[in-house]
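# Residue-level structure breakdown
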Amino acid sequence: MQSLVETLPLPQRLALAYAPARLRDATLGLFALDAHLASLVRKVREPLLTQARLAWWRERMEEPADQRPKGDPLLDLLVSWRDGEEALVALVDGWEYMIGDSLDAEAIAKFTGGRAAAFAGLAALAGESSITDVAAEAGRRWALADLAAHLGNQKERELTLEAARAVTWSHVRLPSALRPLAVLDGLARRALDRGGTPLADGPGAGLVALRLGIIGR
């Protein structure tokens, strides 16, 4: 399992540290799957091959857990998402919109919607079905901030920041069971306020993560 933790970007590793024991596997599974899908898209040489690899993960999430191949650490960990796989399928679908020569507003919306659905799915797994919309909002904000920080194309980056500015964000706090999502949301708010800087930009980001991880605000 430590090998999967090491695949995570720094913001997700900071957030994972605050996952409650009962949700640690599910939280790590979500973060690790997202990181793996990101690596597939980043390495794209042949779009059709990348689509095939994404389709493989989609198919695995759509089949019963006991019918999946055994021995893959990530697949084995995602058993913790039993009955919540629909949210992971949405995550895969969202990443597919990142394949292509350029991003438009629709692709950005679909991608961020996939990450939002995954955050909502984790809320449902945590038994917090009443605030799945709040979790989805946090996921969308994180997706927009993270995407903006990684885009080198100025036009695409501005489209992403424009999408973030167009949303009226609420300030409803996530419950303690979802503290990792609160950490990522806080880092995303900070990054967007600073014009789309990296989420783990400087020691201040670590202090934000620590504060949110401990007290949730």
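Because the structure is a prediction, the values reported are computed rather than measured.

## Here's the deal with the overall build of the protein
- A tally of regular secondary structure across the protein gives 11 helices and 0 strands.
- N-terminal to C-terminal, the α/β element order of the protein is α-α-α-α-α-α-α-α-α-α-α.
- In summary, the protein has a C-alpha radius of gyration of 16 Å against a globular reference of 17 Å for 217 residues, a match within 12%.
- Its C-alpha atoms put the protein at 45 × 40 × 30 Å along the principal axes.
- The buried share among the 217 residues of the protein stands at 52%.
- Partitioning the intrachain contacts of the protein with sequence separation of at least 6 by distance along the chain shows that 65% fall at a separation of at least 24.
- Here the protein displays about 10400 Å² of accessible surface, and carbon together with sulfur accounts for 52% of that area.
- Put simply, the protein has 26 plus and 28 minus side-chain charges, and the middle of one group is 7 Å from the middle of the other.

## Examining the environment of R45
- Mapped onto the elements, R45 comes out in the loop between helix 3 (24-42) and helix 4 (47-62).
- Overall, R45 belongs to the exposed group, its relative accessible area being 70%.
- Each C-alpha atom of the pair R45 and D76 lies 28 Å from the other, and the pair is 31 residues apart in sequence.

## Some words on the side chain of T160
- Structurally, T160 can be placed in helix 9 (residues 154-165).
- The residues contacting T160, other than those within four sequence positions of it, are I108, L144, L147, A148 and L151.

## Examining the packing of aromatic side chains
- The final tally for this structure, using the stated rule, is 3 aromatic pairs.
- Consider the rings of W56 and W57, whose centres lie 5.1 Å apart with planes at 80 degrees: the pair is edge-to-face.

## Concerning the pattern of salt bridges
- Inspection of every chain in the model, using the stated rule, returns 11 salt bridges.
- Between R115 and D34 there is a salt bridge; the shortest N-O distance is 2.8 Å. Of this pair, R115 sits in helix 7 (residues 105-125) while D34 sits in helix 3; the two residues are 81 residues apart in sequence, bridging distant segments of the chain. The burial state of R115 is the same as that of D34; both residues are buried.
- Across the salt bridge formed by D185 and R189, the nearest N and O atoms sit 3.6 Å from each other. Here the residue D185 and the residue R189 both occupy positions in helix 10 (residues 179-193), the gap between them amounting to 4 residues, near one helical turn.
- Note on D185: relative accessible area 8%, which makes it buried.
- Among the ionic contacts, a cluster of salt bridges with common partners joins E137, R141, D185 and R189.

## A look at the nonpolar core
- Core analysis: the biggest nonpolar cluster contains 73 residues, and L30, L37, W57 and L174 have the highest contact counts within it.
- Per-element accounting of this core gives the leading share, 11 residues, to helix 3.

## Focus on helix 11 (residues 203-215)
- For helix 11, spanning 13 residues, the distance from its first C-alpha to its last is 19 Å, which sits close to the expected 18 Å at 1.5 Å a residue.
- Taken together, the buried positions of helix 11 are occupied by A205, V208, A209, L212 and G213. Down the axis, helix 11 shows its buried residues gathered within 125 degrees of arc, on one side only. More than 90 degrees from the buried face of helix 11, the exposed residues found are P203, L207 and I214.
- Where helix 11 is buried, its residues touch helix 2 (10-16) and helix 10.

## Brief notes about a nonpolar patch on the surface
- A cluster of nonpolar side chains, L207, L210, I214 and I215, forms an exposed patch at the surface whose accessible area comes to about 390 Å².
- Here I215 is to be found in helix 11.

## Notes on the environment of P20
- Mapped onto the elements, P20 comes out in the loop between helix 2 and helix 3.
- The exposure class of P20 is partly exposed, given its relative accessible area of 24%.
- C-alpha separation for the pair P20 and L178, spaced 158 residues apart in sequence, amounts to 8.2 Å.

Procedures and definitions
Residues numbered from 1 in each chain as written. Predicted model: local features only at pLDDT ≥ 70, side-chain atom pairs only at ≥ 80, totals over all residues. Heavy atoms only, no water. Helix = DSSP H or I, 4+ residues; strand = E, 2+ residues; numbered from the N terminus. Rg over C-alpha atoms; globule rule 2.2 N^0.38 Å. Buried < 20%, exposed > 50% of the residue type's maximum accessible area, 1.4 Å probe, protein only. Contact = heavy atoms within 4.5 Å. Areas by Shrake-Rupley, 256 points an atom, 1.4 Å probe, with all protein chains shown as cover. Lys, Arg positive; Asp, Glu negative; His and termini not counted. Charge placed at Lys NZ, Arg CZ, Asp CG, Glu CD. Phe/Tyr/Trp six-rings, centres within 6.5 Å; stacked < 30°, edge-to-face > 60°. Salt bridge = Lys/Arg side-chain N within 4 Å of Asp/Glu carboxyl O. Core = buried A, V, L, I, M, F, W, Y, C linked by side-chain atoms within 4.5 Å. Expected span 1.5 Å × (residues − 1). Arc of directions from axis to C-beta. Patch = residues over 30% accessible without salt bridge, like charges linked within 9 Å, V, L, I, M, F, W, Y side chains within 5 Å.

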